[in-house]
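# Residue-level structure breakdown
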Amino acid sequence: MTWLDELTTGAALDAQARQKTKALDVVQEEARLAPVPLDVLAGWDGPDVAVMCEVKRASPSRGPLARIPDPEGLAAAYERGGAAAVSVLTEERRFSGSLADLSAVRTAVGVPVLRKDFVTSEYQVWEARACGADLVLLIVAALADDRLAELHGLVEELGMTPLVEVHDEHEAERAAALGARLVGVNARNLKTLEVDRGTFARIAPLLPSSTWKVAESGVRGADDVASYAAAGADAILVGEAAVTGVDPAETVAGLVAAGRGARKER
């Protein structure tokens, strides 16, 4: 079993357990009462590379990263630093996240919020909307084409933006065939957890020019932002570098400065 298999299976089991205590129709009603989703891409249109930062307590590759007793405060610091969006890990087993973190962050910031998890069911999509998410991560490697299309359609139907994640050439072809507007190219191989920072430069050119491209993983500092921007990134997603910094707002501000005016014309 690969890391992706383990993470996906665990997330699905946890979602099934939650559904036993809170039925889908209850979550759907909560979703209908949630604030209207923000238009993510409209807010990113400009010459700057958008910086997305994560509320991330742990990871399978590094173990514990940060305690984060106050996810609202961390997210607010990201926003002060200029983050264009906040990603919240909600996976419980390996990332120590929760839907409570997602709800808390949504109340604390005015920028778009991403539910980052291993989503394989409609229930998880409805949960994301009920907690105020504006974006939902869909991992191509974890989903068959028909399932990917169904979940992608539901995310859009609920007014949110799907962030479709790919790791190789074949997955990029699948994302393009799906018509995904926002595609994340993850430098971390979710089967081995190894990072190859050349992945984005290799995969991004295979995506349609109209696709918004997010460079995920491997961002250690300003040089990596500049490198990803030169390879065509419209946005970057940074996790460990943001949560392990002494001053999150300052860390994010440095990344934002590195991406200012660096985005290529689409």
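Since the structure is predicted, the reported quantities are computational estimates derived from the model, not experimental observations. Along each chain, residue indices are assigned from 1 in the same order as the chain's sequence is written. Given that the model is predicted, a residue must reach a pLDDT of at least 70 before its local features are reported, and side-chain atom pairs must reach 80 or more before they are shown or counted; all residues, however, enter totals for whole chains, interfaces and linings. The side-chain values count all of the structure's non-hydrogen atoms but skip hydrogen atoms and water molecules.

Our next topic: the overall build of the protein chain. What the protein chain contains, in helices and strands, is 12 helices and 10 strands. Dimensions of the protein chain, computed from the C-alpha atoms along their principal axes, are close to 45 × 40 × 35 Å. Exposed residues in this analysis have more than 50% of their type's maximum accessible area, buried residues have under 20%, and partly exposed residues fall in between, with area computed by a 1.4 Å probe over protein chains only. Expressed as a percentage of its 266 residues, the buried residues of the protein chain come to 56%. Throughout, a contact is declared for two residues whenever any of their heavy atoms are within 4.5 Å. Sequence-distant contacts in the protein chain: of pairs separated by 6 or more residues, those separated by 24 or more amount to 68%. We treat Lys and Arg as the positive residues and Asp and Glu as the negative residues; His and chain ends play no part in the count. Where a charge lies is defined by one atom per residue type: Lys uses NZ, Arg uses CZ, Asp uses CG and Glu uses CD. Counting 28 positive and 40 negative side-chain charges, the protein chain places the averaged centre of each group 2 Å from the other. The helix count covers DSSP runs of H or I at least four residues long, the strand count covers runs of E at least two residues long, and both are numbered beginning at the N terminus.

Turning next to the packing of helix α1 (residues 3-21) against helix α6 (residues 122-130). Viewed as axis vectors pointing N to C, α1 and α6 meet at an angle of 70°, and their least axial separation amounts to 10 Å. As judged from the angle between their axes, α1 and α6 are roughly perpendicular. Here α1 contributes A11, A15, R18 and Q19 to the contact with α6, which in turn contributes Y123, Q124 and E127. Classification convention: Asp, Glu, Lys, Arg as charged; Ala, Val, Leu, Ile, Met, Phe, Trp, Tyr, Cys, Pro as nonpolar; all other residues, Gly among them, as polar. Along the lines of polarity and charge, the residues of the contact of α1 with α6 split into three nonpolar, two polar and two charged. In this analysis, axes come from line fits to C-alpha atoms, helices being fitted only over the stretch in contact, and the angle between any two N-to-C directions falls in the range 0 to 180 degrees. Oblique is the label for any angle not covered by the other classes, which are roughly parallel (under 35 degrees), roughly antiparallel (over 145) and roughly perpendicular (65 to 115).

This part covers the packing of aromatic side chains. For Phe, Tyr and Trp, where Trp contributes only its six-membered ring, two rings pair if their centres lie within 6.5 Å, and the inter-plane angle classes them as stacked under 30 degrees, edge-to-face over 60, or tilted in between. Tallied over the full model, the rule gives two aromatic pairs. The interplanar angle of 75° and the centroid separation of 5.7 Å between the aromatic rings of F200 and Y228 together place this pair among those described as edge-to-face. One end of the pair, F200, is in helix α9 (residues 199-203); the other, Y228, is in helix α10 (residues 222-230), and 28 residues separate them in sequence. You can call F200 buried: its relative accessible area is 1%.

The side chains of a regular strand alternate, residue by residue, between the two faces of the sheet. Burial of strand β10 (residues 235-238) is two-sided: the residues A235 and L237 facing one way and the residues I236 and V238 facing the other way are all buried. For strand β1 (residues 50-55) and β10, the ladder comprises four bridges, and the chain directions are parallel. Its bridge partner being in β10, M52 is matched across the sheet by L237. Between any two strands, at least two bridges found by DSSP are needed for them to pair. Inspection of the sheet shows strand β9 (residues 212-216) paired to β10 by three bridges, in the parallel sense. Residue pairing in the sheet places A215 in a bridge with I236 of β10.

For the rest of this paragraph, the subject is the sheet that holds strand β8 (residues 182-186). With parallel pairing, the eight strands of this closed barrel are ordered in space as β1-β4-β5-β6-β7-β8-β9-β10. The average undirected angle you get between the axes of adjacent strands in this sheet is 25°. Across the sheet, helix α8 (residues 169-178) lies against β7 (161-166) and β8, angled at about 155° from β7, the strand it touches most.

Below, the discussion takes up the environment of L137. Along the chain, the position of L137 falls in strand β6 (residues 135-139). Each C-alpha atom, one on L137 and one on R263, is 23 Å from the other, the two residues being 126 residues apart in sequence.

Turning our attention to helix α2 (residues 24-33). Three or four residues apart is the spacing at which side chains of an α-helix point the same way, because the helix has 3.6 residues per turn. V27, Q28 and A31 are the residues of α2 that are buried. Viewed along the axis of α2, the buried residues span an arc of 105°, placing them on a single side of the element. Exposed side chains of α2 directed beyond 90 degrees from the buried face belong to D25, R32 and L33. Of the surrounding elements, those touching the buried residues of α2 are α6. Directions pointing from the helix axis toward each C-beta atom define the arc.

A few words now on unusual backbone geometry. A positive phi is found at S96, a non-glycine position, where the angle reads about 55°. Mapped onto the fold, S96 is located in the loop between β4 (85-89) and α5 (99-108). Its relative accessible area of 38% is what places S96 among the partly exposed residues. A positive phi angle, near 75°, is found at S217, a position not held by glycine. On the accessibility criterion, S217 (17% relative accessible area) is buried.

Here, expected helix span is obtained from the residue count minus one, scaled by 1.5 Å. A rise of 1.5 Å per residue sets the reference length of α1, with its 19 residues, at 27 Å; its end C-alpha atoms lie 28 Å apart and thus fit the reference within 8%. Of all the residues in α1, the buried ones are L4, L7, T8, G10, A11, A12, D14, A15 and R18. For α1, the secondary structure elements touched by its buried residues are α5, β5 (113-116) and α6.

Worth remembering: the numbers are spatial, not functional.
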